[in-house]
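Here is how the chains run, residue by residue.
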Amino acid sequence: MNDETARAEMLLAKERHHIDNLDAILVYTLAERFKATQAVGRLKAEHELPPSDPAREERQIKRLRKLALDADLDPVFAETFLNFIISEVIRHHESMKK
Ligand SMILES: C=C(O[C@@H]1C=C(C(=O)O)C=C[C@H]1O)C(=O)O
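Since the model is a prediction, treat every value here as computed from it, not as a measurement.

Student: Tell me what's going on with unusual backbone geometry, and back it up with residues and numbers.
Tutor: Trans is the prevailing form of peptide bonds, just as negative phi is the prevailing case for residues other than glycine. Its identity is not glycine, yet E48 carries a phi of approximately 50°, on the positive side. The topology assignment puts E48 in the loop between α1 (3-46) and α2 (54-70). Even without being glycine, D72 reaches a positive phi, approximately 65°. For D72, the position within the fold is in the loop between α2 and α3 (75-96). Judged by its relative accessible area of 75%, D72 is exposed.

Here it is in structure tokens:
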């Protein structure tokens, strides 16, 4: 292995370590989000409120698209990702219904 390859390997390992830390943040963040949405789901089930709230979702998507643009993240990706999470949350809320 020449010096340049060795340096590339070192940079790769460093970036991958950074990625691993970011993945951990994502997992813990998602876990916290699902804990919060579970609490919302319990309230909805107890008070016979509908599992989904399309108006709230519309506001969230609008806000998230703006945040994504500010953060240099593809807003279409951000929207798809949030919709994926929200549909899982709604599925949980459906199953909590009495
Ligand atoms: C968590 C809620 O339930 C649903 C899930 C949402 C979410 O995951 O952000 C948003 C709106 C609802 O469709 C809520 O009503 O706040």
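Anyway, onward from the coordinates.
Student: Tell me what's going on with the UniProt feature "domain: Chorismate mutase" (unreviewed entry) in the chain, and back it up with residues and numbers.
Tutor: Residues annotated by UniProt as "domain: Chorismate mutase" (unreviewed entry) correspond here to residues 6-97. Between the end C-alpha atoms of residues 6-97 there is a gap of 57 Å, over a span that is 87% helix and 0% strand.

Student: Go over the site of the ligand, please, and point to the residues and values.
Tutor: Taken together, 14 residues sit near the ligand, with R33, K44, D53, E57 and Q60 positioned nearest. At a separation of 2.7 Å, an oxygen atom of the ligand approaches a polar side-chain atom of R33. In this structure, E57 approaches the ligand through a side-chain N or O atom, which is 2.4 Å from an oxygen atom. At the level of elements, α1, α2 and α3 are the ones that each hand at least two residues to the shell around the ligand.

Student: A description of the pattern of salt bridges should follow, citing residues and the corresponding values.
Tutor: Throughout the structure, instances matching the rule amount to four salt bridges. A salt bridge links R65 to E79, with the nearest nitrogen and oxygen atoms 2.5 Å apart. Pair noted here: R65 is in helix α2 and E79 is in helix α3, with a separation of 14 residues, a long-range link. The exposure class assigned to R65 is partly exposed, which follows from its relative accessible area of 30%. For E79, a relative accessible area of 24% corresponds to the partly exposed category.

Student: Summarise the environment of E48; cite the residues concerned and give the values.
Tutor: Its relative accessible area of 73% is what places E48 among the exposed residues. Distance in space between the C-alpha atoms of E48 and K97 is 7.6 Å, their sequence separation being 49 residues.

Student: Got a sec to walk through the packing of α2 against α3? Specific residues and values, please.
Tutor: Where α2 meets α3, the closest approach of the two axes is 9 Å, and the angle between their N-to-C directions is 145°. For the pair α2 and α3, the crossing hand works out as right-handed. Seen from α2, the contacting residues are E57, Q60, I61, L64, R65, A68 and L69; seen from α3, they are P75, V76, A78, E79, L82, N83, I86 and I90. Its residues placed into classes, the contact of α2 with α3 shows 10 nonpolar, two polar and three charged.

Student: I'd like a description of the environment of L22, backed by residues and values.
Tutor: As for its placement among the helices and strands, L22 is situated in helix α1. Separated by 31 residues in the primary sequence, L22 and D53 have C-alpha atoms spaced 30 Å apart.

Conventions we followed
- Residues numbered from 1 in each chain as written.
- Predicted model: local features only at pLDDT ≥ 70, side-chain atom pairs only at ≥ 80, totals over all residues.
- Heavy atoms only, no water.
- Helix = DSSP H or I, 4+ residues; strand = E, 2+ residues; numbered from the N terminus.
- Buried < 20%, exposed > 50% of the residue type's maximum accessible area, 1.4 Å probe, protein only.
- UniProt positions renumbered as here; feature names shortened; annotations may be inferred.
- Near = heavy atom within 4 Å.
- Polar contact = N/O pair within 3.5 Å; in protein donor to acceptor, adjacent residues only side chain to side chain.
- Salt bridge = Lys/Arg side-chain N within 4 Å of Asp/Glu carboxyl O.
- Axes fitted to C-alpha atoms, helices over the stretch in contact; angles between N-to-C directions.
- Left-handed = near helix turned anticlockwise from the far one by under 90°.
- Contact = heavy atoms within 4.5 Å.
- Nonpolar A, V, L, I, M, F, W, Y, C, P; charged D, E, K, R; others polar.

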